Amino acid sequence: MIYRTPDYYSKFRCIADKCRDSCCIGWEIDIDAETADYYNSIGGAFGKRLKENIADQSFILSADDRCPFLNGRNLCDIYTELGEEHLCQICSDHPRYYEWFGSVKEGGIGLSCEEAARIILSSDFNLTETEIQEDEDELCDTELYDLLLNVRDKIFSDIKTLSLSDAMCSMLDMASEMQSGLDNGELDIPEHPRNIPAESPDKTAIFHFYGELEPIDENWMPYLADSKNYIGQTVGSPEKYEEYLKKIGLYFIYRYFMKGVFDGEILSRVKLAAVSVWMIGHLWQCEEIKTGCCDMNKCAWIAKNYSKEVEYCEENIEAILDASYELECFSVQRMKGLFEK
Ligand code: SF4
């Protein structure tokens, strides 16, 4: 099987006690059956502690939502006592994610971890392929897969070589025309997609929509409401974020575009990428207006928060994909207006 990842995937190392928003706090952690059996087989004092702190194959979180094995120095006692190889699947994977397309597996690191976010923003985006020994997944539609792969490569190339504004507008045009073709059973890459005229964006409506999503962190909604007050304001040169925003665009397209092979939906996923680029860019601008600085670490932190709220709640991702068809503020015309100068 071919295993494809961005080059930067292998750079990731959990920063453990230096992490300011540990994934061991605030999340239910399910333990896979094999690891649960192993934990059950451990004797002695640590075995007793494992049994007392696991119920229904999940860690019993403390009153302040911490994993019971995250110690006072924010290090994992299971890692220390049993070794990294005995972490459960979720703990050893996070923030890595995977998707299977027949004989191809794709992997990456998720933006919801601050260290991963720093790597994503500071690294060139190039893909690496290796051969791995793993059983093939259920076959996907190979004709559609090849087509989408070509289109994704074209989008990657546009993001890397064009201005952010041109790349976002061109991928929206391309996805819009391709989606019409796919809906009519046509498997073609439009050679010259129609340049859909941009319309004035409705940024307030986009914020209103985000304000109705399911919040993960209690601070997110007040933060978002405050950021809405800065719509229309810019400081310094917004172009300085362009290279980082391109990395955000590449990340979202890499992670979500090929899922279209399973349901024929590409336009909504391209809009998810575009609106995420715009929102994160706006939040960076707000940070600079409010504090006078939004350096790389702050950019990574804000992108991490956005990803945690949006990507790590399935209902929120679904809501954005649905809204991309249902709400006028997500029409291709209005979304192009977000980027056109
Ligand atoms: S969020 Fe990332 S850096 Fe922080 S504890 Fe989890 S994996 Fe480690």
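Keep in mind that what you see is a predicted model, and the values were worked out from it rather than measured. (Residues numbered from 1 in each chain as written. Predicted model: local features only at pLDDT ≥ 70, side-chain atom pairs only at ≥ 80, totals over all residues.)

(A) Fine view of the overall build of the protein chain. Scanning the protein chain from terminus to terminus reveals 15 helices and 6 strands. Taken over C-alpha atoms, the radius of gyration comes to 21 Å for the protein chain, in line with the 20 Å a tight globule of 341 residues would show. With the C-alpha coordinates of the protein chain rotated into their principal frame, the extents come out at 70 × 50 × 35 Å. Each of the 341 residues in the protein chain was classed as buried or not, and the buried ones make up 35%. (Helix = DSSP H or I, 4+ residues; strand = E, 2+ residues; numbered from the N terminus. Rg over C-alpha atoms; globule rule 2.2 N^0.38 Å. Buried ≥ 20, exposed ≤ 12 C-beta atoms within 10 Å, placed from the backbone.)

(B) Geometry of the nonpolar core. The biggest cluster of nonpolar side chains holds 80 residues, and the ones touching the most others in it are I280 and A303. No other element matches the 13 residues that helix α12 (residues 267-291) contributes to this core. Lining this core are residues from two domains, each supplying at least three of them: domain 1 (24-93) and domain 2 (142-339). The contact partners of I280, leaving out residues within four places of it in the chain, are L245, I248, I302, A303 and Y306. (Core = buried A, V, L, I, M, F, W, Y, C linked by C-beta atoms within 7 Å. Domains from an automatic or database assignment. Contact = placed C-beta atoms within 7 Å.)

(C) Spatial organisation of the site of the ligand. In the vicinity of the ligand, the residues found are C14, I15, A16, C19, S22, C23, H94, P95, C113 and E115. Looking at the shell around the ligand residue by residue, the class counts come to 7 nonpolar, 2 polar and 1 charged. (Near = placed C-beta within 6 Å. Nonpolar A, V, L, I, M, F, W, Y, C, P; charged D, E, K, R; others polar.)

(D) Seen up close, the packing of helix α10 (residues 242-256) against α12. Where α10 meets α12, the closest approach of the two axes is 9 Å, and the angle between their N-to-C directions is 155°. By the angle between their axes, α10 is roughly antiparallel relative to α12. Note that α10 runs across α12; the crossing there is right-handed. On α12, the residues touching L245, I248, G249, F252, I253 and Y256 of α10 are R269, L272, A273, S276, V277, I280 and G281. (Axes fitted to C-alpha atoms, helices over the stretch in contact; angles between N-to-C directions. Parallel < 35°, antiparallel > 145°, perpendicular 65-115°, else oblique. Left-handed = near helix turned anticlockwise from the far one by under 90°.)

(E) How the structure looks around the sheet that holds strand β5 (residues 104-109). Taken in spatial order, the 4 strands make up an open sheet running β4-β5-β1-β6, and their pairing is mixed. Only two strands of the sheet have a single neighbouring strand rather than two, namely β4 (96-101) and β6 (127-131). Each strand axis lies, on average, 20° off the axis of its neighbour in the sheet, ignoring direction. Across 5 bridges, strand β1 (residues 2-6) lies against β6 in antiparallel orientation. Note on β6: the bridge partner recorded for Y3 is T130. (Pairing = 2+ DSSP bridges.)

(F) Molecular detail of the pairing of β1. Relative to β5, β1 runs parallel, the two being bridged by 3 bridges. Bridge assignment links I2 to a residue of β5, and that residue is V104.

(G) Fine view of the pairing of β4. Relative to β5, β4 runs antiparallel, the two sharing 6 bridges. Directly across from R96, in β5, lies its bridge partner I109. In textbook terms, the turn of a hairpin is the stretch between consecutive antiparallel strands, and for β4 and β5 this stretch comprises 2 residues, one of which, G102, has a positive phi near 65°.

(H) A look at the domain arrangement of the protein chain. Domain annotation of the protein chain identifies domain 1 (24-93) and domain 2 (142-339). A separation of 36 Å is found between the C-alpha centroids of domain 1 and domain 2.

(I) Just the packing of helix α6 (residues 142-161) against helix α7 (residues 164-183), in detail. Between α6 and α7, the least distance of the axes is 9 Å, while the angle of their chain directions is 165°. Compared by their axis directions, α6 and α7 come out roughly antiparallel. The element α6 and its partner α7 pack so that their crossing is right-handed. Of the residues in α7, those touching α6 at V151, I155, D158 and I159 are A167, S170, M171, M174 and M178. Of the residues in the contact of α6 with α7, the class split is 7 nonpolar, 1 polar and 1 charged.

(J) Representation of the environment of T5. The residue T5 is located in strand β1 in this model. In the structure, T5 is positioned 157 residues away from L162 in sequence and 23 Å away in space, judged by C-alpha atoms. Apart from the residues within four sequence positions on either side, T5 is in contact with G107, G108 and T128.

(K) How the structure looks around the environment of D30. As for its position among the elements, D30 is in the loop between β1 and α1 (33-41). As a C-alpha pair, D30 and F59 span 29 residues in sequence and 6.9 Å in three-dimensional space. For D30, the contacting residues outside a window of four places in its chain are Q57, S58 and I90.

(L) Fine view of unusual backbone geometry. Omega for the bond connecting H94 with P95 falls within 30 degrees of zero, at 5°, which places this linkage in the cis form. Looking at the secondary structure, you find P95 in the loop between α4 (89-93) and β4. Positive phi, normally seen in glycine, also occurs at D65, with a value near 65°. As for its position among the elements, D65 is in the loop between β3 (58-59) and α3 (77-82). Backbone geometry at N74 places phi at a positive 60°, although glycine is not the residue there. The topology assignment puts N74 in the loop between β3 and α3. For N74, a count of 15 C-beta atoms within 10 Å translates into the label partly exposed.

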